[in-house]
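Listed here are the chains, written in short residue letters.
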Amino acid sequence: MIEIFDNFFNEQDYLRITAESKVKWSLRQSRVYKDLTDDFYTKHCTEQIGNKLNKKVSLYRAYSVGVFANVSDIQKIHADKNSTHTALFYVNPIYDKSWLGGTIIWTDKPNYIEFKPNRLVIFKAELEHTGTVFKDSKDGRIICVWKINVE
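Residues numbered from 1 in each chain as written. Predicted model: local features only at pLDDT ≥ 70, side-chain atom pairs only at ≥ 80, totals over all residues. Heavy atoms only, no water.

Undergrad: What's the story with the pattern of salt bridges in this structure? I'm lost.
TA: Pairing between side chains of opposite charge can happen when their charged atoms approach one another. With the rule as written, the count across this model stands at six salt bridges. Between Lys116 and Asp6 there is a salt bridge; the shortest N-O distance is 3.4 Å. Residue Lys116 is located in the loop between strand S7 (110-113) and strand S8 (119-124), and its partner Asp6 is located in the loop between strand S1 (2-5) and helix H1 (11-20); the two are separated by 110 residues in the primary sequence. In this structure, Asp38 engages Arg16 in a salt bridge whose closest nitrogen and oxygen atoms are separated by 3.0 Å. Of this pair, Asp38 sits in the loop between strand S3 (31-35) and helix H2 (39-53) while Arg16 sits in helix H1, and the two are 22 residues apart along the sequence. Here Asp38 falls in the partly exposed class, since its relative accessible area comes to 37%. Ionic contacts of the salt-bridge type, sharing partners, join the residues Asp6, Lys116 and Arg119 into one network. (Salt bridge = Lys/Arg side-chain N within 4 Å of Asp/Glu carboxyl O. Helix = DSSP H or I, 4+ residues; strand = E, 2+ residues; numbered from the N terminus. Buried < 20%, exposed > 50% of the residue type's maximum accessible area, 1.4 Å probe, protein only.)

Given below as structure tokens:
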């Protein structure tokens, strides 16, 4: 199961997420990282995800991560733990297709999900996946991640 929702958040929520994506990062190896602990992310955004799926959703963890262009330390192929599903939200408001930056999710074959601003991708946490970095973008690839349990 891979579900893709374009223009996921309304304009006000999306503007808040993009504005907050510019502050309060910590450096972890070659990435920037921050936990999303504000009620906006843990309650409001999680509720929006549940509403879109028309299912009850509970949050295990929410965070944001950024990787910058041409960094050699690309995320390794992995599956997520401690939740039934993973929701990835592509933040960057400025994007060019030539930069790549999407996510590869393996089902019976590799599926490349293109990076697109205000796009939410939800998939079963057990599916192996990896992100790709932006090429030639000074802003890097910024995503929000919700590890959720869907009932």
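Undergrad: Before we go on, may I ask you to explain unusual backbone geometry in this structure?
TA: Glycine aside, negative phi is the norm for most residues, and most peptide bonds take the trans geometry. Positioned with a positive phi, Asn82 is a non-glycine residue whose angle comes to about 70°. Looking at the element boundaries, Asn82 is found in the loop between strand S4 (57-67) and strand S5 (85-90). Residue classification places Asn82 among the exposed residues on the basis of a relative accessible area of 53%.

Undergrad: Teacher, can you tell me more about the sheet that holds S1 here?
TA: Strands belonging to one sheet form pairs held by backbone hydrogen bonds; the direction of such a pair is parallel or antiparallel. Strand order in the open sheet formed by seven strands is S1-S8-S5-S10-S4-S3-S2, with antiparallel pairing between adjacent strands. Each edge of the open sheet carries a strand with a single partner, namely S1 and strand S2 (26-28). Taking the axes of each pair of neighbouring strands and ignoring which way they run, one obtains an average angle of 25° across the sheet. Sheet topology places S3 next to S4; five bridges connect them, and they run antiparallel. By the bridge assignment for S4, Asp35 is matched with Tyr63. Packing of H2 onto the sheet brings it into contact with S1, S4, S5, S8 and strand S10 (141-150), and relative to S10 it is tilted by some 70°. (Pairing = 2+ DSSP bridges. Axes fitted to C-alpha atoms, helices over the stretch in contact; angles between N-to-C directions. Contact = heavy atoms within 4.5 Å.)

Undergrad: Help me understand the state of the cysteines, please; the structure alone is not making it clear to me.
TA: Such a bond, covalent and formed between the sulfur atoms of two cysteines, is termed a disulfide. For the structure shown, the criterion picks out zero disulfides. Between Cys45, a free cysteine, and Cys144, which holds the nearest cysteine sulfur, the sulfur-to-sulfur gap is 7.4 Å. Classification of Cys45 by relative accessible area gives buried; the value is 0%. Taking relative accessible area as the criterion, Cys144 reaches 2% and is therefore assigned buried. (Disulfide = S-S within 2.5 Å.)

Undergrad: Any chance you could explain the nonpolar core here in plain terms?
TA: Among soluble globular proteins, nonpolar side chains are generally buried collectively. Core analysis: the biggest nonpolar cluster contains 23 residues, and Phe9, Ile17, Ile49, Phe89, Leu120 and Trp146 have the highest contact counts within it. The set of elements that each furnish at least two residues to this core consists of H1, H2, S4, S5, S8 and S10. Core analysis: the second largest hydrophobic core is formed by 15 residues, Tyr90, Ile105, Val121 and Phe123 among them. (Core = buried A, V, L, I, M, F, W, Y, C linked by side-chain atoms within 4.5 Å.)

Undergrad: It is not clear to me how the environment of His78 should be interpreted in this structure. Could you clarify?
TA: Tracing the sequence through the fold places His78 in the loop between S4 and S5. Spatially, the C-alpha atoms of His78 and Gln48 are 26 Å apart, while their sequence positions differ by 30 residues. Once residues within four sequence positions are removed from consideration, His78 is found in contact with Leu127, Glu128 and His129. Side chain to side chain, His78 and Asp80 meet in a polar contact 3.4 Å long. (Polar contact = N/O pair within 3.5 Å; in protein donor to acceptor, adjacent residues only side chain to side chain.)

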